Amino acid sequence: MSRLVVALALALFTGTALIFGELRWFARPRLAARLRSYGPAAGAHSGLTSFASFREVVSPLANAVGDRLARVAGVSEALALRLERVHSSLDVAGFRLRQIGWSALAFGLGALVTLATHPAPVVSVALILGTPFVAFLLVEERLARASRDWQDRLFYELPVVTEQLAMLISAGFSLTASLDRIAARGGGACAADLSRVGVRIRQGLGEDRALGEWGTIANVDAVDRLISVLALNRETSDLGRLLAEEARSIRSDAQRRLTETLERRSQQVWIPVTVAALVPGVILLGVPFLQVMRIFTGS
């Protein structure tokens, strides 16, 4: 029993340390450690017991375990793509370590609850093994929900952004200048993504490739259609009119999706009403049915 308590305490401490290690106020290095990397013997004093070295050792295992559990949960999209889509400050290793940390913390808490309450064996197994998996899935679902929300914001902002591009290009602005102007003056999801496109163009990447990267990261059909229209920048002199037509098309798709969402929600309203009406009806029908069955059976 003592060994089990020590193992549970170690798991709880590891999960707590991994979670707190992502917080700046907890993991802030000392001044000497921050200046050591600029010294002549930076490689010799790498700090084997630091959180960074621990992260370098644990990251490959955390990535492998996290990817396998994500595939078991039905998540097929690459984690790096989703993190880049929502402009997360975490990399793949940091996100997986946070997941493993929450799972270890949940394992320790579940084990402590099991030791304190002594439930049935099935409940004990569910608490010890189920709570880490649930914690892992909660973090994964949070990122997936943020990714879907970002895609929805892109889709609904795209008609206005496309119209702005059409007006700027028709007024004589170049494509790069139009993208930079919208990114600088906007505050939505499209502006954030176009700001990243502008950074990639200033790094030396071509406009077509930078916009293609945006389409790959966004994974929105309307964005792909807009990029295909913007690819005609050097081939046509009437790009503004084409963008205006594309904006009308995207707005029609957005209105159609909103209509479908409203109809779906209006149908969902009737579900509790139907259940509330059926349950008393079934009870009222069941009473005479049971009485008739008693008469026929002679009981």
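This text follows the structure it describes.
Rules of the game
Residues numbered from 1 in each chain as written. Predicted model: local features only at pLDDT ≥ 70, side-chain atom pairs only at ≥ 80, totals over all residues. Heavy atoms only, no water. Helix = DSSP H or I, 4+ residues; strand = E, 2+ residues; numbered from the N terminus. Polar contact = N/O pair within 3.5 Å; in protein donor to acceptor, adjacent residues only side chain to side chain. Contact = heavy atoms within 4.5 Å. Salt bridge = Lys/Arg side-chain N within 4 Å of Asp/Glu carboxyl O. Buried < 20%, exposed > 50% of the residue type's maximum accessible area, 1.4 Å probe, protein only.

A. Region of interest: the side chain of Ser147. Turning to its location among the elements, Ser147 is positioned in helix α7 (residues 121–170). In terms of polar contacts, Ser147 uses its side chain to reach the side chain of Arg85, at 2.6 Å. Sequence-distant contacts of Ser147, that is, excluding residues within four places in its chain, are made with Arg82, Arg85 and Val86.

B. Broad picture of the environment of Gly188. Residue placement: Gly188 occurs in the loop between α8 (175–185) and α9 (189–202). Through-space distance from the C-alpha of Gly188 to that of Arg153 is 7.9 Å; in sequence the pair is 35 residues apart. Setting aside residues up to four positions removed in sequence, Gly188 forms contacts with Arg153 and Glu157.

C. Here's a closer look at the pattern of salt bridges. Evaluation of the coordinates by the stated rule reveals 15 salt bridges. Between Arg202 and Asp180 there is a salt bridge, with its nearest N and O atoms 3.5 Å apart. Highlighted residues: Arg202 in helix α9 and Asp180 in helix α8, separated in sequence by 22 residues. Residue Arg202 is classed as exposed on the basis of its relative accessible area of 59%. Here Arg200 ties to Glu213 by a salt bridge, and the two come within 3.0 Å at their closest N and O atoms. One end of the pair, Arg200, is in helix α9; the other, Glu213, is in helix α10 (residues 207–218), and 13 residues separate them in sequence. Residue classification places Arg200 among the partly exposed positions, given a relative accessible area of 29%. The class of Glu213 is partly exposed, set by a relative accessible area of 29%.

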